[in-house]
Structures are given as structure tokens and as C-alpha cells.
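An overview of the molecular structure
Spelled out, the chains give:
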Amino acid sequence: MQTVPKRSSVEKVIVGALTCLMTAAGFGCASRTKEASAPPPAPQQTTLNPSNVEQPPQADQGPGQDPRSAIPPPDEKPLTPDEIERAVNPSPMDLARAAQPGFIADTSRPFNEYVWLTSHNAFSWGADSGGIGSNQEMSPFYQLARGVRGLMFDIHNSDVLLCHGICYPNSRSLAEEFKLSVMPTLALNRNAVITVFLEDYTNKADLTRALGSIPNLATYTFKPTTWSSRKQWPTLGELINANQRLFIITNKSQNAGDHQTSSGPVHLIYDQNLNVENTYNLGDLVTSHDYSCDTRWNSIPLDTVAASSTYHGWPRLFVMNHFHKIPYPLHGDADNRFDKLLDRDQSYCRPKANRRPNFIALDQINRGDATEYVEWQNNGGVIFYEGNDGTQDIVCGFATTIARTIDLQSSDEERLGCENDEARSLVLSGVKKGARITLYDSPSGNREDDWYFIEVKRDIGMNERVVVPSFEESKDTSDYRAVYLRNNGLNGKVSRIRVEPQAGDMFADAAVVLYEGNNASQNIVCTLPLTTSQLVKFKSDSYGCDNDEARSAKIVIAKAGTTLTVYDDPNGGTGDDYTTIYVKQDILQPRVIGTFQSSFEDSFLKVTFKNHNGLDGKVSSARIQR
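Quick caveat, the model's predicted, so the values are computed rather than measured.

With respect to the overall build of the chain
Scanning the chain from N- to C-terminus turns up 11 helices and 30 strands. By residue count, 56% of the 626 residues in the chain fall in the buried class. Of the accessible surface of the chain, which amounts to about 24100 Å², a share of 48% is contributed by carbon and sulfur atoms.

And the structure:
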């Protein structure tokens, strides 16, 4: 007799609220007229936002615990259609708030060129797996909402239950979990491509019956015969457009192949026909780490290139297992660090596999930097380092394809794991031309303190490592242009980061920085935009300019034809000292006006000083004319 799996109260709310939104998954409302079997159109890129979806129980705050794992208790309020819509189509603010491992900016690459965050024993969480030795700290639905795209399930007995060695009275069936997590995600997030790995202890008849109880499963599953003429994997975008967004992979050859269901054939892939995979155990304890990365199947070395003929000899997919034998939370904290994942890939696994992993299987996917790491791998981005020249420990890393502003004094999740006042250099990999990264000493982005920006001048490959050695020098290279505005030093003092995937008009940030000392020395007095015409009165301005302090200036960026005049008179009058600075040609690298008490002209500037009794240290207003 089959044990009926329990649903949590939150799951009951979610399933009820989703009913009218899951036409594509076979749960359509009577009021819907669109046929459930019709594949949905390919929409714009979206990712599920974890807000207002099933919440796991609140985690204990043990020693060394990552703060992001302290998940709020379940929200018992019913979900409204608007709340669900926001989860499917997050705002730019939602998108930028936390790492997005499921976000893909470019879907034009073959499927085997992406990396997917994968939950080891995804079903093993909290009370649903007996509550002891759970591998995850949130349900599969919530894992998928956080950007997981690979789920590892163990299936047992004639009821096809999800169990890890022992089946508990409340163990869910595979079909029930699909209905609660996989199918809603596929229906709601139409850019999600999910891979389910089955450690399979069932027979084919029982598995076919379980698969057949999942409405419209065949609507989403991968069909290798569709691509028989292809010598290479379809692109991610092609899989999305074909609505073949679900791969089901079994480790049991007898259960591979097509399973006939009411919605059509559901194809299961035998893992050894398509994948390469390393052994799983990093060690028993947190103090032991075996990074050797040996193949799991002796007959299939990690550098095996071609899949079986069923999959047209395409490049095999690499499953990189990266977890300890015992799923203790401290293991997740250590194993899922950005530097540990990067080192395991590049130093141990890639030399043997000759490829980067496609699936990174982890315990406690919410711990460490796993979400940031996969976001970076799929989209390209930046890694910050504690030392100059891209040395010492990694501070953090993330993609540069998402517009975001990061306050490094905020929560760990919102600051993407970046520590405040640590970074001294960065490395660019896979960053597109036009991206801009701005760093501030001030947590609020106040430009009275040190600030710095770089603009990327060419597309940088993912396998390249372009080092920005310091944040305290302006330079112009073939890779990037960097501008530093000094107050009292920025290295090791970064408190705010702004990322613009495409900065657009470079003159939108045209500005001049005024300094207390001559030759752009001593402290910054203030930074004035050179984007609009205005008179700035230092005794009452909004830019924080101190009256009677400025002695020199540094023009950061300026468009030809811009005029800046600084006055002794607080109202911009010409009866006292003033200096006019005219920009003769576009300025893209900083130009210094070392004193306001001298006239000069070069190819970029014409500076005219009108002397009365001296202007340095006596500036009280400034006029910008565009």
C-alpha cells in the first residue's frame, strides 16, 4: 500500500494559487481557452524570484553559519496572481538583489557550454527526509526558485518514492515532487531548462506508471530524434524555443529510453551514454579534502569526448560532484566557497576532463558562494581579490551582465558575499565591451571620497584573465580604461560597487573633481557633474562643496565645448577673481588643472585666470555651461 505523501500548509497554498497559472503543465483553469498541449511561446529571459514561494523552516544559527541560510519561517498568506507574476518576472531591483545562477544573458551558445547549479539529494531537506542528515536546507521548489537547474533524486520501490536509503512514512513520490516543484517551475519560468538525475532502484514498469501520472510531462522532455541531423548540441535558445526544457537522466540502463505516457513518449537518458562524472566524496570530515577528481566510471575517462550514437556523438556533459560524505552544514560553508569551486574546477578537474563542468553538484546550495560562482561562470564577470595584481584570497565574484549597485555593508546575500574594505584588485573574464564597474570608498556612493571606474574596451573571453592590478591609478590599455579620483586611498577600502552591463553615453558621467591642494592633491572638496548647465553656490549646494577650500581640479570626463568657471564671488560675479576653463576636445582621460591662478593652453584645454587678489583656496561658486 502506497503511503500518501504529506503536503505542508505552504505547499497547499502554492499549489492552489498556481492552479490557474499552470496551463502549460496540464493544470489549466476552466476559464482558460488555450490548449494545454500547445508549447508556450519563448518569452524574454526571466528567472524565478524566491519571494513568496515555499519557505523552509528557519535554520539554527550555528557557529560559522552563512547568514543567508537563515531563511524566514513559512509565509502562510495565500499567494495572489500578482505575487506569482512578480516571482516569474522579477523587477531589475529584484534581479540585482541576490545572485542569479539561473539567469543567462546569452542563450545562443550550445547547451554543453553552460554550467548549472545542481542539488545533490535535492529531495533530502528538513522533515521530508526524516530530519537527520539532510543534504539541503530548502525544498526542491525553493531550490529551483533560487536558480538551481539540476536536481538529484534517489527513487525506490514500486511506489517510486524519494528516499535516501530509508523510506519514511512521509517520503514523497517522484510524481508528487514533480507536480510540486518541477512542473510549476517549467510552466512559470519559460526560460528554465531543468535536468533531473535519477539514482534509480525501480523497475521500468513502475517508473513508467509514475511518469505517466504527471500531466503533460512529455510536453517538456528532451527528444533526441528532433536533433538527429545536428553534429553539435542545440543552443540553449533552441531548446527553449522547442520547449524541450526537461532532461531526465537515469543511472539504470534498463530504464533508459522512451516511456509511453498519455502525453506522449518521455525519453530517459542513460547517464553513461551522455555524461562523464567524477567520484563524489571530498572526505568524511571538514578537515579532509580529496580534490583528486577521478572518474566515477572506469570505462569512461573524464576526457571522453563523444556521447553515444543515440545522442549523435555530441560532446559529453561533465557532472562535477563536489561535496563531503557527511552533509554537515559546515561542509557546505567551506566546500561552496568561490575559491574552492574555482580551484577544484581549474586545478584538479579541468586538467583531467579537458572541459569545464556542466553540472556542479553540491550539498546546502544556499551556503557559501555557489550561486555567485555559477552566475559568474555562465555570464562572465569580475572577481575581486584581497591583494594587488589579482593575488591573495578571493573577496567575491559575480556576473557583469546584471545592472546592480552593491552596498558592501548590507546583508551577505545582498552584497553577493563581498566583504567590506577588503578588495585591492580585480580580474575580468568573459566581460562584454562597454561594461562599466564603479567603486566607491563611501558606502552611499558619495563622490567626496575616493572613487574609481573602469570601462571595458573589447569583448574579453571567458578563458582570459585580464588583471586590474590596483584601484589607485588611472590607465588606458587595449582592454580597459580606468580612472581614479583620489582622496586618501581606495585599495582595501571599497564599500560600494556599481555595475552597468552597457554604460552607454560615456559623457553621461562627465565630471570635474575639486581638490584642497594644488596639482590635485590632498582631500577631495567635491565632485561636480559636467552634464548640465548650472551655477553651483558652495555655501548652499547639494554636492557637498566646502567654501574657500579648492585650489585645483581634475577633469574626469568632459565633452568638447564645455566651459567651467570658478569664482571667488559666492554668486558667480566677475568683480573678484575667477578662472575660466574651456574644453577644446573631448576628454576621456583625467586632465589636471594644478592651480586656479595661472593661464595656459594645450590641445585639450584653454584656461584663463582673471586676477584680483588670488583664487586658490578661495573658490565660492562654479558655473558649468554646456
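Re the environment of E601
The topology assignment puts E601 in strand 28 (residues 600-601). Sequence separation between E601 and I581 is 20 residues, and the spatial gap between their C-alpha atoms is 9.6 Å. In this structure E601 touches K584 and K606, once residues within four positions along its chain are discounted. Side-chain polar atoms of E601 contact the side chain of K584, separated by 2.9 Å.

What to know about the environment of F123
In this structure, F123 sits in the loop between strand 1 (116-119) and helix 4 (140-145). With a relative accessible area of 5%, F123 lands in the buried category.

Digging into the pairing of strand 6 (residues 257-261)
Alignment of strand 6 against strand 7 (residues 264-270), held across 5 bridges, turns out to be antiparallel. By the bridge assignment for strand 7, Q260 is matched with P265. In textbook terms, the turn of a hairpin is the stretch between consecutive antiparallel strands, and for strand 6 and strand 7 this stretch comprises 2 residues.

Some details on the sheet that holds strand 27 (residues 591-593)
Across the sheet, which stays open at both edges, the 4 strands sit in the order 22-21-24-27 with antiparallel pairing between neighbours. With partners counted over all chains shown, the strands left at the sheet margins are strand 22 (521-529) and strand 27, one partner each. Taken over all neighbouring pairs, the strand axes of this sheet differ in orientation by 25 degrees on average, direction set aside. Pairing analysis gives 3 bridges linking strand 24 (residues 552-557) to strand 27, with the strands arranged antiparallel. Bridge pairing in strand 27 places K554 opposite V592.

Brief notes about the nonpolar core
The nonpolar side chains of a soluble globular protein tend to be buried, and buried together. Core analysis: the largest hydrophobic core is formed by 57 residues, its most contacted members being F153, L174, F178 and L246. The greatest single-element share of this core, amounting to 7 residues, is contributed by helix 5 (residues 174-188). Setting aside chain neighbours within four positions, we find F153 in contact with A122, F123, P140, L162, L174, E177, F178, V196, F197, L198 and E199. Grouped together as the second largest cluster of nonpolar side chains are 40 residues, Y515, A550, I557 and L615 included.

A few points about the packing of aromatic side chains
Applying the stated criterion across every chain, the model contains 21 aromatic pairs. Taken together, a centroid distance of 4.9 Å and an interplanar angle of 15 degrees make the contact between F111 and F247 stacked. One end of the pair, F111, is in the loop between helix 3 (92-97) and strand 1; the other, F247, is in strand 5 (residues 246-250), with 136 residues separating them in the sequence. When its relative accessible area of 2% is taken as the criterion, F111 is described as buried. Over the face of the ring belonging to F453 we find R436, whose NZ or CZ atom lies 5.6 Å from the ring centre.

What counts and what doesn't
Residues numbered from 1 in each chain as written. Predicted model: local features only at pLDDT ≥ 70, side-chain atom pairs only at ≥ 80, totals over all residues. Heavy atoms only, no water. Helix = DSSP H or I, 4+ residues; strand = E, 2+ residues; numbered from the N terminus. Buried < 20%, exposed > 50% of the residue type's maximum accessible area, 1.4 Å probe, protein only. Areas by Shrake-Rupley, 256 points an atom, 1.4 Å probe, with all protein chains shown as cover. Contact = heavy atoms within 4.5 Å. Polar contact = N/O pair within 3.5 Å; in protein donor to acceptor, adjacent residues only side chain to side chain. Pairing = 2+ DSSP bridges. Axes fitted to C-alpha atoms, helices over the stretch in contact; angles between N-to-C directions. Core = buried A, V, L, I, M, F, W, Y, C linked by side-chain atoms within 4.5 Å. Phe/Tyr/Trp six-rings, centres within 6.5 Å; stacked < 30°, edge-to-face > 60°. Lys NZ or Arg CZ within 6 Å of the ring centre and 35° of its normal.

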